[in-house]
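Secondary and tertiary structure notes
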Amino acid sequence: MTHTLMNLPFDETALEPYISKETLQYHHGKHHAAYINNLNRLIEGTMYADMNLEAIVISASGGLFNNAAQVYNHDFYFKGMSRKITAPSKDLLALFNRDFGSFEAFKEIFLETAAGLFGSGWVWLSIDGSGALVLESFSNAGNPLLSGHTPLMTCDVWEHAYYIDYRNARADYLEKWWGLINWDFVSQNLEAFTDKHHGL
């Protein structure tokens, strides 16, 4: 199985002025592409060659895990953004109210967690097997699959995600990124989890 670089679900200029064409050309066209190339090189001739991406992430370690997880993470990140104005579904809003107190409280804790994550990494909203929302932060290439959780959305806080546009002002990037969240994508991920678990 050869893994391929995903096409962005929007034009390279679609997220401007918040995320520039130049950032996307480096972030997607170079960093994301490099992880794809490394992944294909590392799986050649191994037991991982015929595995799908999620299976590799769950079972691999070392450099193979790092590259596979970074492909998965970046796929999720780019799918989770849009310039179209969207809103969380009623079901998702109900879970925000139940598990975080309110949607506004969730936003505050998510952005605080992302701003405070030391070094490079990812912040995720996921859902556990009982149907509870979980806010998780991971260094480097970590993601909720390793916890047995189902990812709903993620934010990349590696500097290559924002340095061209914001330099070291991560908090400014995060505020602008929040306005680009594709809540349709997040809500669809919740719906898929709910269908799989028969309404849990």
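To be clear, the structure that these remarks concern was listed above.
I will try to describe carefully the structure that is included in this document. (Residues numbered from 1 in each chain as written. Predicted model: local features only at pLDDT ≥ 70, side-chain atom pairs only at ≥ 80, totals over all residues. Heavy atoms only, no water.)

Description of the nonpolar core
Judged by nonpolar contacts, the single largest core of 63 residues is most densely connected at Met153, Tyr173, Trp177, Trp178 and Trp183. Considering every element that reaches this core, the biggest residue donor is helix H3 (residues 62-79), with nine residues. Look past the residues within four positions of Trp177 in its chain and what remains in contact with it is Tyr77, Met81, Phe110, Leu111, Met153, Thr154 and Cys155. (Core = buried A, V, L, I, M, F, W, Y, C linked by side-chain atoms within 4.5 Å. Buried < 20%, exposed > 50% of the residue type's maximum accessible area, 1.4 Å probe, protein only. Helix = DSSP H or I, 4+ residues; strand = E, 2+ residues; numbered from the N terminus. Contact = heavy atoms within 4.5 Å.)

Digging into the packing of aromatic side chains
Per the counting criterion, the structure on display carries 22 aromatic pairs. Judged by centre distance (5.1 Å) and plane angle (65°), the ring pair of Phe76 and Phe185 falls under edge-to-face. A residue pair is termed long-range when its members are at least 10 positions apart, and Phe76 in helix H3 and Phe185 in helix H8 (residues 183-196) qualify at 109 residues. For the residue pair Phe76 and Phe185, the accessibility class agrees, reading buried in each case. On the basis of an interplanar angle of 80° and a centroid distance of 6.2 Å, the ring pair of Tyr77 and Trp122 is categorised as edge-to-face. Of this pair, Tyr77 sits in helix H3 while Trp122 sits in strand S1 (residues 121-127), and the two are 45 residues apart along the sequence. (Phe/Tyr/Trp six-rings, centres within 6.5 Å; stacked < 30°, edge-to-face > 60°.)

Here we look at the pattern of salt bridges
This model, assessed by the stated rule, comprises three salt bridges. The salt bridge partner of Asp184 is Lys84, with a shortest N-O separation of 3.3 Å. Of this pair, Asp184 sits in helix H8 while Lys84 is found in the loop between H3 and helix H4 (90-100), placing the two residues 100 residues apart along the sequence. Accessibility expressed as a relative area gives 52% for Lys84, which makes it exposed. Of the charged contacts, one joins Glu175 and Lys107 as a salt bridge, the two residues approaching to 3.9 Å between their closest N and O atoms. Remark: Lys107 occurs in helix H5 (residues 103-116) and Glu175 occurs in helix H7 (residues 170-178); sequence separation between them is 68 residues. Since its relative accessible area comes to 44%, Glu175 is described here as partly exposed. (Salt bridge = Lys/Arg side-chain N within 4 Å of Asp/Glu carboxyl O.)

Examining the sheet that holds strand S3 (residues 150-156)
As summarised here, the arrangement of the three strands in space is S2-S1-S3, forming an open sheet in which the pairing is antiparallel. Only two strands of the sheet have a single partner each, and these edge strands are strand S2 (133-139) and S3. Across the sheet, the mean angle from the axis of one strand to that of its neighbour is 25°, orientation sign disregarded. As defined by bridge partners, S1 adjoins S2 across seven bridges and the pair is classed as antiparallel. Along S2, the bridge assignment pairs Ser126 with Val134. Those strands touched by H4 are S1 and S2, and its axis lies near 80° from that of S2. (Pairing = 2+ DSSP bridges. Axes fitted to C-alpha atoms, helices over the stretch in contact; angles between N-to-C directions.)

Things to note about the environment of Lys176
Here Lys176 shows up in helix H7. In the structure, Lys176 is positioned 161 residues away from Leu15 in sequence and 9.9 Å away in space, judged by C-alpha atoms. Setting aside its immediate chain neighbours within four residues, Lys176 contacts Tyr18 and Tyr166.

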